[in-house]
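Letter by letter, the chains look like this.
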Amino acid sequence: MGNLPEPRTDEGRAGLRAIVGAPARALLAFDFDGTLAPIVEDPALARAHPDAVPALARLAGRVAAVAIVTGRPAEVAVRLGGFEAHPELAGLVVLGAYGAERWEAATGELSVPPPHPGIAAARLEVHAWARRTGAHLEDKGNALALHTRRAPDPDGAFAALREPMDRVAASRGLVVEPGRQVLELRPPGMDKGAALTALVREKNAGAVLYAGDDLGDLAAFEAVATLRASDVPGLRVCSGSAEVPRLAEATDLTVPGPAGLAAFLGELADAMGG
Ligand SMILES: O=P(O)(O)OC[C@H]1O[C@H](O[C@H]2O[C@H](CO)[C@@H](O)[C@H](O)[C@H]2O)[C@H](O)[C@@H](O)[C@@H]1O
């Protein structure tokens, strides 16, 4: 299979063979931050790796569907990813807010659920915890993310926030989504696994690839494992980082971060003759 790296599991090797062997039936889905986009200190400044979206554009014409499955609001991921600049991505689907939101490149249509009342109720308290710990609040409208990357003591701030955020979430009917130096309060009821499985079924995909870098991606990796048991071969790719070393255990192939993923996607397109 050309220059493609070999997955370390039998199921991963079967998944990759299925994707390359019949690309027109494959769904390729990607997390955004840490996977397509390098991690940066300020979330507002995150952008896709320069080689990532061109590689997705090459793949898009060969496969059944390309999708982004992200914790960002869908509209924000579309803007930061610069996907609209690539006409080849006319079929792209962006599932935002862990699958609760959806944007379709084909129509430009954005679907966003009504705001969860717990977010408005928690906002002031979360602001106060940000001030107390030096964390930065990313207010996503229907989710509140407390980032500790730029706090004076990132790990200390993360540890100090864990219990209070659990408490606020429990009292407001929300859930806590932990990630790379971030604790996020968000509405319950959706995760990347459910979102990915629904999309595989909707596209009638015969094979699936999912790439991610963080704890929020574990549900999608589990979904790929479940789909494999129901005869949809799949490949789980870890965008590796020193911050979440244990994520690799849940996957079949590790690439070195967004630059490594972009290189892998280029090789995948080569292998498909794209
Ligand atoms: O599902 P994802 O696309 O991976 O989004 C998860 C969260 O990613 C963002 O935070 C992470 O990236 C930031 C920019 O590189 C970084 O500063 C931060 O430390 C990371 O946790 C984003 O800001 C969150 O809203 C997403 O939920």
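Residues numbered from 1 in each chain as written. Predicted model: local features only at pLDDT ≥ 70, side-chain atom pairs only at ≥ 80, totals over all residues.

What about the site of the ligand?
- Residues in close proximity to the ligand total 24 residues, the closest being Phe32, Asp33, Pro43, Thr70 and Gly71.
- Put simply, the parts of the chain that give the shell around the ligand at least two residues each are β7 (144–147) and β9 (182–186).
- Grouping the amino acids of the shell around the ligand by side-chain chemistry returns seven nonpolar, seven polar and ten charged.
- Shared between two domains, the shell around the ligand holds at least three residues of each, these being domain 1 (10–112 + 190–271) and domain 2 (117–186). (Near = placed C-beta within 6 Å. Helix = DSSP H or I, 4+ residues; strand = E, 2+ residues; numbered from the N terminus. Nonpolar A, V, L, I, M, F, W, Y, C, P; charged D, E, K, R; others polar. Domains from an automatic or database assignment.)

Topic: the sheet that holds strand β1 (residues 26–30)
- In space, the eight strands of this open sheet follow the order β5-β4-β3-β2-β1-β10-β11-β12, with mixed pairing throughout. The open sheet terminates on both sides in strands that have one partner only, identified here as β5 (110–111) and β12 (253–255).
- The strands that helix α3 (residues 74–81) touches are β2 (65–69), β3 (93–96), β4 (101–104) and β5; relative to β3, the one it contacts most, it runs at about 130°. (Pairing = 2+ DSSP bridges. Contact = placed C-beta atoms within 7 Å. Axes fitted to C-alpha atoms, helices over the stretch in contact; angles between N-to-C directions.)

Quick word on helix α2 (residues 52–60)
- Of all nine residues that make up α2, seven are buried, and the element is covered over most of its length.
- Among the residues of α2, Ala52, Val53, Ala55, Leu56, Ala57, Leu59 and Ala60 are the ones counted as buried.
- The inward-facing, buried residues of α2 contact β1, β2, α3 and α8 (257–271). (Buried ≥ 20, exposed ≤ 12 C-beta atoms within 10 Å, placed from the backbone.)

Notes on the packing of helix α4 (residues 117–133) against helix α5 (residues 154–172)
- Across the interface, α4 lies against α5 with an axial gap of 11 Å and an inter-helix angle of 165°. With respect to their mutual orientation, α4 and α5 come out roughly antiparallel. Along this stretch, α4 crosses α5, giving a crossing that reads as right-handed. Residue-level contacts link Gly118, Ala121, Ala122, Glu125, Val126, Trp129 and Thr133 of α4 to Ala157, Ala160, Leu161, Pro164, Val168 and Arg172 of α5. (Parallel < 35°, antiparallel > 145°, perpendicular 65-115°, else oblique. Left-handed = near helix turned anticlockwise from the far one by under 90°.)

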